[in-house]
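Structural description and commentary
These are the residues of each chain, in order.
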Amino acid sequence: MTAALVRMLGDFDLAEELVQEALLEALQHWPTEGIPEKPGAWLLTTARRKAVDQLRRQARFRDKLAQLEGDVMRDDTAEGDDRLRLIFTCCHPALSREAQVALTLRAVAGLTTIEIARAFITSEATIAQRIVRAKRKIVDANIPYRMPTERELPERLDEVLAVLYLMFNEGYLATAGEQASRRDVAEDAAWLAGLMVRLMPDEPEALGLLALMRLHLARAGARFDAAGDLVLLQDQDRGRWEQERITSAIVLLQRAAALHRTGPYQLQAAIAACHAEARSWGETDWQQIVALYDALIELMPSPVVELNRAIARRYRDGAGAALDDVERLGEVLDAYYLFHATRAELLRDLGREPEARAALVRALELTANPAERALLQKRLS
Amino acid sequence: MKYVLLFGETKERAKQWEAMPEAQRMAAYAPINQWFEKYSSKITGGHELQPERTATTVKFNNGKPVITDGPFIEGKESIGGYAEVTVADLDEALEMAKGWPTGGPVEVRPVVDRGEPQR
């Protein structure tokens, strides 16, 4: 729905704001007047009506546009507080990650259980049960419906952001291939991250996560070719990247940086921004990217991040140096298909073809994703 | 609201604990005692349990009680004790559990409240 309005208004935050307003109106009207026959259509109509109002006021609105990304967007109304309480409850660490994801999509983003089930390729009954169980635990174990205390906040905010990031990744990766009718959960996750940013505008990691999501979404259209096959970053048509989203993400990152509390989402977004800002693959600033990975490893040591750093080093320092880094990760990442796929690429660069093929075969054994498989098959043949 | 905090320990740790000389064991108790002191106003019951080797389990075989040696929970971990706490909500109980000093896991379970008079 937000996407439809963005097209109409050409403004992301405003569109999200209007959808939110429409939802609020629904919350006020539906309990007394009953749920309309087509709730989705009702919401879109309401949001559109609000958009038209907005366009009429646009002359005045333009003056305000400059302020939009600033404090004016702060949502510290009672509804805002209520929504935050709801998000923190849905993402309470006492609930399983799957329950957190389903509950947040249902209660905060307003998806139906059918939509959630479709998005995660599972049955409606599974999702319904997951939600019922989570709600029951909230009641039975007395999980409080309130804002975390100041002391709990950093940890609890991390939890919320982790839920949204997982939701986003599942949605983003699952867009592979045939299911055009599937709801785009990645967009929903980005909407939720936008909501967090409006509700907690001074949290740099929330800004970083939203920026990261927008940068990925900006490239989403270029990720698949006409045949539905995955297109690698280096081969993507950069003209198809959505510049508006990229620009808005960079504004968010600057806002985050001004708060002087760096974190993993901001660093990952900064890496994505390096790619987004490069006019061609050849103009990518690998020096900067490797430095950002170094900082990320310091904050969040992980073999997967080290693998990504090695990939960046391939373009800065050559395949030999990168392969040395990659080989060091062999023990911990042996079950990770991208480890073998990366190794294969580097071995091929170095002319070690038989070893490269063996690594590709190993990678194929380890992934079920059809788009990833197709790409590996192509490299093998 | 009442919760029970079940204090778990690995079998290995339980063994080490038993093998400790008395003085050392007393010293190891200090942080645990501090924890109980800190939350004394919220703790409404509980006990440390003797080691798992002292456990006896009654199982029912077609309704007929059968007595066996050992605990009924089979696994790497055993329950070393429990505390009943009365707090506002789960977050408060979790806050207490997060401060538990032995390094062993703590399971937090709400108790069933049927509105019976307090005993």
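See the structure shown above.
Reference entry: report on the structure contained in this document. (Residues numbered from 1 in each chain as written. Chains lettered and ligands numbered in written order. Predicted model: local features only at pLDDT ≥ 70, side-chain atom pairs only at ≥ 80, totals over all residues. Heavy atoms only, no water.)

So, the packing of aromatic side chains
The description of two aromatic rings rests on the distance between their centres and on the angle between their planes. Per the stated rule, a full pass over the model turns up 12 aromatic pairs over all chains. Pairing Trp35(B) with Trp100(B) gives two aromatic rings, centres 4.9 Å apart and planes at 85 degrees, and the pair type is edge-to-face. With Trp35(B) in helix α2 (residues 22–38) and Trp100(B) in the loop between α3 (90–98) and β6 (106–110), this residue pair connects regions lying 65 residues apart in the sequence. Ring geometry for Phe36(B) and Trp100(B): centres 6.1 Å apart, planes at 85 degrees, overall edge-to-face. In this pair, Phe36(B) sits in helix α2 while Trp100(B) sits in the loop between α3 and β6, placing the two residues 64 residues apart along the sequence. By relative accessible area, Phe36(B) is classed as partly exposed at 30%. The rings of Phe7(B), Trp35(B), Phe36(B), Tyr39(B) and Trp100(B) are connected pair by pair, giving a single aromatic cluster. Sitting over the face of the ring of Trp241(A), Arg219(A) holds its NZ or CZ atom 5.6 Å from the ring centroid. (Phe/Tyr/Trp six-rings, centres within 6.5 Å; stacked < 30°, edge-to-face > 60°. Helix = DSSP H or I, 4+ residues; strand = E, 2+ residues; numbered from the N terminus. Buried < 20%, exposed > 50% of the residue type's maximum accessible area, 1.4 Å probe, protein only. Lys NZ or Arg CZ within 6 Å of the ring centre and 35° of its normal.)

Brief notes about the sheet that holds strand β2 (residues 43–48) of chain B
Residues and elements named next belong to chain B. Within the open sheet, the 4 strands sit side by side as β2-β5-β1-β6. Their pairing is antiparallel. The open sheet terminates on both sides in strands that have one partner only, identified here as β2 and β6. Strand-to-strand twist in this sheet, taken as the mean axis angle between neighbours without regard to direction, amounts to 20 degrees. Pairing analysis gives 9 bridges linking strand β1 (residues 2–10) to strand β5 (residues 77–86), with the strands arranged antiparallel. Residue pairing for β5: Val 4 is matched across the bridge by Glu 84. Helix-sheet contacts for helix α1 (residues 11–19) involve β1 and β2, and the interaxial angle to β1 is about 80 degrees. (Pairing = 2+ DSSP bridges. Axes fitted to C-alpha atoms, helices over the stretch in contact; angles between N-to-C directions. Contact = heavy atoms within 4.5 Å.)

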